[in-house]
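Descriptive analysis of the structure
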Amino acid sequence: MKRFGRIWLPSRPALGCAVITLALTSASVASADDGPGPFGVTAATAMTRHTVRVGALFGADRADRLSGGHFCTASVVHSPGRDLIVTAAHCVDGDDGDLVFAPGYRDGQAPYGVWKVGRRFLPDGWAKGQDEDSDIAFATVGELDGRRVEDVVGGNRFAPGTATGATAVTVTGYPDAREVPISCTNKPVPHSDTQQRIDCPEFTGGTSGSPWVNGDRQVVGVLGGHEQGGSTADTSYSVVLGREAAELYKDATARS
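Residues numbered from 1 in each chain as written. Predicted model: local features only at pLDDT ≥ 70, side-chain atom pairs only at ≥ 80, totals over all residues. Heavy atoms only, no water.

Some details on the state of the cysteines
Cut-off, in case you're wondering: In plain terms, two cysteine sulfur atoms within 2.5 Å form what is called a disulfide here. Under the scheme used here, helices are H or I runs from DSSP no shorter than 4 residues and strands are E runs no shorter than 2 residues, and both carry numbers assigned from the N terminus. Buried, partly exposed and exposed residues are distinguished by accessible area as a fraction of the type maximum, computed with a 1.4 Å probe on protein chains only: under 20%, between the cut-offs, and over 50%, respectively.
Scanning all chains against the criterion turns up two disulfides. At a sulfur-sulfur separation of 2.1 Å, the disulfide partner of Cys72 is Cys91. Every disulfide takes its handedness from the sign of the S-S torsion; for Cys72 and Cys91 that torsion is -70°, giving left-handed. With Cys72 in strand β3 (residues 72-77) and Cys91 in the loop between β4 (84-87) and β5 (99-103), this pair connects stretches of sequence that are 19 residues apart. Like Cys91, Cys72 is buried. Here Cys184 connects covalently by a disulfide to Cys200, the sulfurs 2.1 Å from one another. The disulfide joining Cys184 to Cys200 has a torsion of about -80° about its S-S bond and is therefore left-handed. Of this pair, Cys184 sits in strand β10 (residues 182-186) while Cys200 sits in the loop between β12 (195-199) and β13 (211-213), placing them 16 residues apart in sequence.

Considering the packing of aromatic side chains
Aromatic ring pairs: the centre-centre distance and the angle between the two ring planes describe each pair. Defined as follows: Aromatic contacts are taken between Phe, Tyr and Trp rings whose centres are within 6.5 Å, Trp giving its six-membered ring; a plane angle under 30 degrees counts as stacked, one over 60 as edge-to-face, and the others as tilted.
Per the counting criterion, the structure on display carries five aromatic pairs. A network of ring pairs unites the aromatic residues Phe58, Tyr105 and Tyr174 as a single cluster.

Considerations on the nonpolar core
The condition that has to hold: Nine residue types can take part in a nonpolar core, namely buried Ala, Val, Leu, Ile, Met, Phe, Trp, Tyr and Cys, and a core is a set of them joined through side-chain atoms within 4.5 Å.
By size, the foremost hydrophobic cluster in this structure holds 24 residues, and its most contacted members are Leu57, Ile85, Phe101, Val117, Val141 and Val149. Contributing elements (two or more residues each) for this core: β3, β5, β6 (115-121), β7 (137-141) and α2 (149-153). Counting 16 residues, the second-largest nonpolar core is a separate cluster that includes Phe158, Val219, Val222 and Ala245.

With respect to the sheet that holds β6
To keep it simple, the criterion reads: Should DSSP find at least two bridges between two strands, the strands are regarded as paired. Whenever a helix is involved, its axis is fitted only over the stretch in contact; in every case the axis is a line through C-alpha atoms, and angles between N-to-C directions fall within 0 to 180 degrees. Throughout, a contact is declared for two residues whenever any of their heavy atoms are within 4.5 Å.
Read once around its circumference, the closed barrel built from six strands follows the order β2-β3-β4-β7-β6-β5, with strand pairing classed as antiparallel. Averaged over all neighbouring strand pairs, the angle between strand axes comes to 45°, with direction disregarded. Each of β4, β6 and β7 touches helix α3 (residues 243-253); the most contacted strand, β7, lies at about 15° to it.

Some thoughts on the sheet that holds strand β11 (residues 189-190)
With respect to topology, three strands assemble into an open sheet ordered β11-β12-β15, the strand pairing being antiparallel. In the strand order of this sheet, the two ends are held by β11 and β15 (235-239), each with one partner. Bridge count for β12 against β15 is five bridges, and the pairing is antiparallel. Each bridged residue has a counterpart across the sheet, and for Gln196 the counterpart in β15 is Ser238.

Rendered as structure tokens:
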């Protein structure tokens, strides 16, 4: 299970933050479309216009005291409403109260603002029985200072129906014990007809919901599924994004 060790403290309502630009690089991280490279190596994530689409989830009572309070990962995906994030269903299944999302979160700072999570969309398989093959969810986030989250950080395309292992992917997430995101690039392999897995070290509690992004900036997996993402730090899982995921995305984007 990739979600645990969570403590919330009371605080004031969510506040936006000024944009901060950091120049971070890591020679040990390969892009998903780089071809041959140091696959299976995990390192701190470089802060780029693409990686800031990934952020951390917090309880709303931690909105102005973020450091050490994140518990899962989510990322912005393209939608007509420009306000949609994707994560694991077990991260937003309704038992956690109000939540906020901080894209590009680092070291206690939210350079792209703190966004209130609104309506959540869970598959029937998860809502009715917490089926591990349905461990994916979408949620809307409210406007901040009159802007929508996708207009601020952009969004990756959600791409159900992509064959497992068709290309390498980069997984980016927030371990509970770290205040910066980590990334690892490798090629997923089938675990079963409904689950896929990837070998990347150090993906511990808190990385549930991490997007698996290919070189075309498409989300082809979301860390979760089998054992809610995996029982070890070195191997992680995702549901295979098939018909159920496609229908869920359609529902989330067709809301009025």
